[in-house]
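Spelled out, the chains give:
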Amino acid sequence: MENSISYSAIEDVQLLSWENAPKYCLQLTIPGGTVLLQAANSYLRDQWFHSLQWKKKIYKYKKVLSNPSRWEVVLKEIRTLVDMALTSPLQDDSIHQAPLEIVSKLLSENNNLTTQDHESIIVAIAPLLENNHPPPDLCEFFCKHCRERPRSMVVIEVFTPVVQRILKHNMDFGKCPRLRLFTQEYILSLNELNAGMEVVKKFIHSMHGPTGQCPHPRVLPNLVAVCLAAIYSCYEEFINSRDNSPSLKEIRNGCQQQCDRKPNLPLRLLHTSPDLVSQEATLTESRLKPVIVTSNEIHVEVERNNTANQKMTAGVGNDSEPNLIDCLMVSPTCSTISIELSPQADRILGCYVEILKMLSDYDDWRPALASLLQPIPFPKEALAHEKFTKELKYVIQRFAEDPRQEVHSCLLSVRAGKDGWFQLYSPGGVACDDDGELFASMVHILMGSCYKTKKFLLSLAENKLGPCMLLALRGNQTMVEILCLMLEYNIIDNNDTQLQIISTLESTDVGKRMYEQLCERQRELKELQRKGGPTRLTLPSKSTDADLARLLSSGSFGNLENLSLAFTNVTSACAEHLIKLPSLKQLNLWSTQFGDAGLRLLSEHLTMLQVLNLCETPVTDAGLLALSSMKSLCSLNMNSTKLSADTYEDLKAKLPNLKEVDVRYTEAW
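Parameters and conventions
Residues numbered from 1 in each chain as written. Predicted model: local features only at pLDDT ≥ 70, side-chain atom pairs only at ≥ 80, totals over all residues. Heavy atoms only, no water. Helix = DSSP H or I, 4+ residues; strand = E, 2+ residues; numbered from the N terminus. Buried < 20%, exposed > 50% of the residue type's maximum accessible area, 1.4 Å probe, protein only. Contact = heavy atoms within 4.5 Å. Areas by Shrake-Rupley, 256 points an atom, 1.4 Å probe, with all protein chains shown as cover. Axes fitted to C-alpha atoms, helices over the stretch in contact; angles between N-to-C directions. Parallel < 35°, antiparallel > 145°, perpendicular 65-115°, else oblique. Left-handed = near helix turned anticlockwise from the far one by under 90°. Nonpolar A, V, L, I, M, F, W, Y, C, P; charged D, E, K, R; others polar. Salt bridge = Lys/Arg side-chain N within 4 Å of Asp/Glu carboxyl O. Pairing = 2+ DSSP bridges. Expected span 1.5 Å × (residues − 1). Arc of directions from axis to C-beta. Core = buried A, V, L, I, M, F, W, Y, C linked by side-chain atoms within 4.5 Å. Phe/Tyr/Trp six-rings, centres within 6.5 Å; stacked < 30°, edge-to-face > 60°. Lys NZ or Arg CZ within 6 Å of the ring centre and 35° of its normal. Polar contact = N/O pair within 3.5 Å; in protein donor to acceptor, adjacent residues only side chain to side chain. pLDDT = per-residue confidence, 0-100.

**Some words on the overall build of the chain**
Next up, step 1: Each helix and strand in the chain was counted, giving 31 helices and twelve strands.
Next up, step 2: When each of the 669 residues of the chain is scored for burial, the buried share is 48%.
Next up, step 3: Contacts in the chain between residues far apart in sequence, at least 24 positions, make up 65% of those at least 6 positions apart.
Next up, step 4: Accessible area for the chain stands at about 33,100 Å²; split by element, carbon and sulfur atoms hold 49% of it.

Right, here's the structure in full:
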């Protein structure tokens with residue numbers, strides 16, 4: 001054995017055994033003699049035997065299929081190869097992958113095969129695909145077949161279980177992008193059938209399953225990845241021409257002249273030069289002819305007017321990079337942008353936006369879908385496309401109608417300083433195509449959960465006060481409530497703006513009624529906060545939110561410093577009354593149903609609170625993290641809550657005066 005023996009040189013492999021001697025041997029027949037291999041036991045010997053047999057046959061098939069002469073013979077050999085892989089006792093991924101790679105290489109090297117040959121080969125290897133992903137080259141072959149023969153029965157009968165397996169088990173399309181491309185082409189081929197989207201809808205339903213909960217956690221992320229990639233491909237030519245199109249800063253501040261651009265690109269967004277803007281600003285006509293750019297893929301129409309040009313010239317000195325939504329919303333040279341895709345791209349876009357709509361209809365998928373779409377993972381060209389944002393509006397509406405906080409909270413931005421769907425579809429946003437109905441719906445659901453906070457109201461007052469007042473003027477009850485809360489929480493500092501809000505409220509019946517209720521609450525608040533009354537107060541056990549409200553409305557509690565609600569039935573709803581106690585320093589909520597929403601409200605208003613007992617309350621990390629703004633806290637009891645160790649460390653770091661802490665029976669203990 002000084003020299004290695006190649007597998008192709010092995011002529012025969014035999015098992016050897018002796019009756020009187022427990023020796024486990026293999027005999028290899030090679031040119032010029034034999035080789036005897038001895039194993040430690042029968043299991044290892046059998047493993048060697050089947051492995052050598054497998055290698056020997058694989059080399060044979062590689063040689064036979066590398067130089068095909070007659071395709072009838074090739075097809076027969078492929079079927080034999082597949083049968084050998086299926087009947088092999090060896091348990092290894094390569095047993096099934098090796099035949100697929102041989103066939104993949106065969107197809108890539110022979111481009112002159114007929115359609116019938118293609119389908120025969122696909123059917124022959126179908127049994128191997130039931131439990132194995134196709135290799136990259138084979139995915140290319142499948143994609144080609146889907147594009148050229150979308151109505152072939154092979155697509156339905158053979159590709160369907162393959163795609164189903166990919167969607168159920170694939171962990172990362174980034175490592176195998178051709179699997180994603182194959183899945184994308186397969187879905188498009190389903191859309192080409194006579195029933196069109198009905199077939200796609202049945203396929204999506206088969207992936208979800210008949211029950212209310214999909215048993216395969218990877219299906220939704222994989223479907224969303226396929227949809228995002230397909231939608232991106234629709235705008236790819238426009239995206240690739242970005243080097244020749246105005247940047248966000250240029251759109252906001254005015255672009256350089258067209259002659260400074262790189263020539264000979266397939267598509268670019270035309271614009272006015274600063275010199276031309278200055279000339280146009282002196283014209284008395286308010287309407288100019290639109291500029292139209294055509295391409296074999298995309299058609300862009302840009303309408304300009306003098307008002308937009310004046311805004312542009314006023315902001316030329318600003319060097320900061322504009323916000324994406326602001327850029328599309330207040331575009332100085334592009335007040336409206338309409339993009340028309342080619343018929344093929346339009347079909348792809350329609351198909352995959354429709355799939356996103358289908359996904360949003362499943363209750364169990366909606367939280368994860370909202371989380372995946374929260375960062376707005378679409379190119380700016382898609383956001384500027386009226387058809388895309390109009391079709392996607394259905395998905396956003398589904399998020400806005402869902403009462404679960406983990407769903408509708410995804411309408412907001414993923415982090416501070418970045419716009420979210422809420423900004424995109426609000427009045428003035430690039431995607432807003434109504435009079436604010438969706439905006440009002442989003443505000444209503446957000447205010448109904450845990451977003452009745454100063455921060456949220458302050459954001460609306462700074463950015464969306466005009467739309468809020470307009471919708472309130474039209475009788476929208478949610479917006480009337482918003483304006484009343486802005487007055488109640490002293491969000492608006494400007495007296496003229498306050499008077500304008502009051503006038504808006506008094507212009508409708510619902511507004512007048514709610515404003516009168518606000519005035520009554522303000523009078524009660526003044527009476528409540530008037531100096532006097534007890535400094536300590538304990539509510540009887542089993543008291544409710546209504547009992548606390550009646551008690552606090554019975555007199556003055558401006559001196560109340562210590563309030564105990566321990567062992568009562570109060571909930572987070574009582575927080576609206578607690579925040580009106582100006583002198584409160586100690587609050588006992590032991591064994592109540594006070595939760596995260598109430599904690600968030602307390603943290604914004606009772607910043608002088610020093611002692612807080614949350615023992616045996618249903619609060620979680622989501623609410624406890626809000627306590628980091630209560631810098632005066634020196635004693636905090638979180639015994640028997642859902643406090644985590646990380647949140648505890650975060651609170652200790654952000655509360656410098658905290659001296660007494662009880663975290664027994666928590667994860668942080």
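Picking up where we left off.
**A closer look at the packing of helix α21 (residues 437-448) against helix α22 (residues 454-463)**
Next up, step 1: In the contact formed by α21 and α22, the axes pass within 12 Å of each other and the chain directions differ by 160°. One finds that α21 runs roughly antiparallel with respect to α22. As α21 packs across α22, the resulting crossing turns out to be left-handed. Facing α21, whose interface residues are Phe439, Val443, Leu446 and Met447, α22 presents Phe456, Leu457 and Leu460.
Next up, step 2: Tallied by class, residues from the contact of α21 with α22 come to seven nonpolar, no polar and no charged.

**Focus on the environment of Leu551**
Next up, step 1: Checked against the element boundaries, Leu551 lands in helix α27 (residues 545-552).
Next up, step 2: Judged by its relative accessible area of 28%, Leu551 falls in the partly exposed class.

**Digging into the pattern of salt bridges**
Next up, step 1: With the rule as written, the count across this model stands at 21 salt bridges.
Next up, step 2: As a salt-bridge pair, Lys357 and Glu391 come within 2.6 Å of each other at their nearest N and O atoms. Linking Lys357 in helix α15 (residues 343-360) with Glu391 in helix α18 (residues 386-401), this pair joins segments that are 34 residues apart in sequence.
Next up, step 3: Through salt bridges with shared partners, a single ionic network connects Asp363, Arg366, Asp402 and Arg404.

**Focus on the environment of Leu581**
Next up, step 1: Residue position: Leu581 is located in the loop between α28 (575-578) and β9 (586-588).
Next up, step 2: For the pair formed by Leu581 and Leu525, sequence separation is 56 residues and the distance between their alpha carbons is 8.9 Å.

**Quick notes on the packing of helix α7 (residues 177-191) against helix α8 (residues 197-208)**
Next up, step 1: Where α7 meets α8, the closest approach of the two axes is 7 Å, and the angle between their N-to-C directions is 130°. By the angle between their directions, the pair α7 and α8 is classed as oblique. Here α7 contributes Tyr186, Ile187, Leu190 and Asn191 to the contact with α8, which in turn contributes Met197, Val199, Val200 and Phe203.
Next up, step 2: Grouping the amino acids of the contact of α7 with α8 by side-chain chemistry returns seven nonpolar, one polar and no charged.

**Overview of unusual backbone geometry**
Next up, step 1: For Asn490, which is not glycine, the phi dihedral falls at a positive 55°.
Next up, step 2: Position of Asn490 relative to the elements: it lies in the loop between α24 (477-488) and α25 (495-506).
Next up, step 3: Of note, Phe567 is a non-glycine position whose phi angle comes to about 60°, a positive value.
Next up, step 4: Structurally, the position occupied by Phe567 is in the loop between β8 (562-564) and α28.

**Remarks on the sheet that holds strand β1 (residues 12-16)**
Next up, step 1: Here three strands make up an open sheet; going across it, the order is β1-β2-β3 and the pairing antiparallel. In this open sheet, the two edge strands, each paired with only one partner strand, are β1 and β3 (33-39). Neighbour-to-neighbour, the strand axes of the sheet open up by a mean angle of 25°, direction not taken into account.
Next up, step 2: Both β1 and strand β2 (residues 24-30) contribute to a ladder of five bridges, which runs antiparallel. Directly across from Leu16, in β2, lies its bridge partner Cys25.

**Focus on α8**
Next up, step 1: The first and last C-alpha atoms of α8 sit 16 Å apart over twelve residues, in line with the 16 Å expected at 1.5 Å per residue.
Next up, step 2: Buried residues of α8: Val200, Phe203, Ile204, Met207 and His208, and no others. All buried residues of α8 lie within an arc of 140° about the axis, which places them on one face of the element.
Next up, step 3: Packing partners of the buried residues in α8 comprise α6 (153-169), α7, α9 (219-234) and α15.
Next up, step 4: Gly209 sits one or two positions beyond α8 and adopts a positive phi of about 100°.

**A look at the nonpolar core**
Next up, step 1: Counting residues in hydrophobic clusters, the biggest one holds 176 residues, and the most contacted among them are Tyr352 and Phe378.
Next up, step 2: If you tally residues by element for this core, the top one is α15, at ten residues.
Next up, step 3: With near-sequence residues (within four places) excluded, Phe378 lies in contact with Leu228, Ile231, Leu356, Leu373, Leu383, Phe388, Leu392 and Trp421.

**Digging into helix α1 (residues 42-66)**
Next up, step 1: Between its first and last C-alpha, α1 extends 36 Å over 25 residues, near the 36 Å set by a 1.5 Å rise per residue.
Next up, step 2: Close packing links the buried residues of α1 with β1, β2, β3, α2 (71-87) and α3 (93-109).

**Some thoughts on the pairing of β2**
Next up, step 1: Pairing between β2 and β3: seven bridges, direction antiparallel. Across the sheet, the residue bridging to Cys25 is Gln38, located in β3.

**Notes on the side chain of His145**
Next up, step 1: Looking at where His145 falls in the secondary structure, it is placed in helix α5 (residues 136-148).
Next up, step 2: Apart from residues no more than four positions distant in its own chain, His145 is found in contact with His118, Glu119, Ile122, Pro150, Ser152, Val154, Val155 and Phe159.

**Considerations on the packing of aromatic side chains**
Next up, step 1: One pass over the full model with this rule turns up 13 aromatic pairs.
Next up, step 2: Taking 5.3 Å as the distance between ring centres and 90° as the angle between the ring planes, the aromatic pair formed by Phe159 and Phe182 counts as edge-to-face. Residue Phe159 is found in helix α6, and its partner Phe182 is found in helix α7; the two are separated by 23 residues along the sequence.
Next up, step 3: On the basis of relative accessible area, Phe159 is assigned to the buried category, the value being 0%.
Next up, step 4: Taking the relative accessible area as the measure of exposure, Phe182 reaches 0% and is therefore buried.
Next up, step 5: Ring-pair connections join several aromatic residues into one group, and the members of that group are Phe141, Phe142, Phe159 and Phe182.
Next up, step 6: Lying over the aromatic face of Tyr61, Lys60 brings its terminal NZ or CZ to 5.1 Å of the ring centre.

**A closer look at the sheet that holds β9**
Strand pairs in the sheet, formed through backbone hydrogen bonds, run parallel or antiparallel to each other.
Next up, step 1: Spatial strand order, β7-β8-β9-β10-β11-β12: six strands in an open sheet with parallel pairing. The strands lining the two open edges of the sheet, one partner per strand, are β7 (536-538) and β12 (660-662). Adjacent strand axes in the sheet meet at a mean angle of 5°, parallel and antiparallel pairs treated alike.
Next up, step 2: Note: β8 against β9, three bridges, orientation parallel. Bridge pairing in β9 places Asn562 opposite Gln586.

**Remarks on the side chain of Ser628**
Next up, step 1: Among the structural elements, Ser628 can be located in the loop between α30 (621-624) and β11 (635-637).
Next up, step 2: There is a polar contact of 2.9 Å between the side chain of Ser628 and the backbone oxygen of Leu625.
Next up, step 3: Look past the residues within four positions of Ser628 in its chain and what remains in contact with it is Leu651, Lys654 and Leu655.

**Thoughts on the confidence of the model for the chain**
Next up, step 1: Across the chain, the average pLDDT comes to 81, with 84% of residues at 70 or higher.
Next up, step 2: Confidence drops under a pLDDT of 50 for residues 245-336, and excluding neighbours within four residues, the segment shows 160 contacts in the predicted structure.

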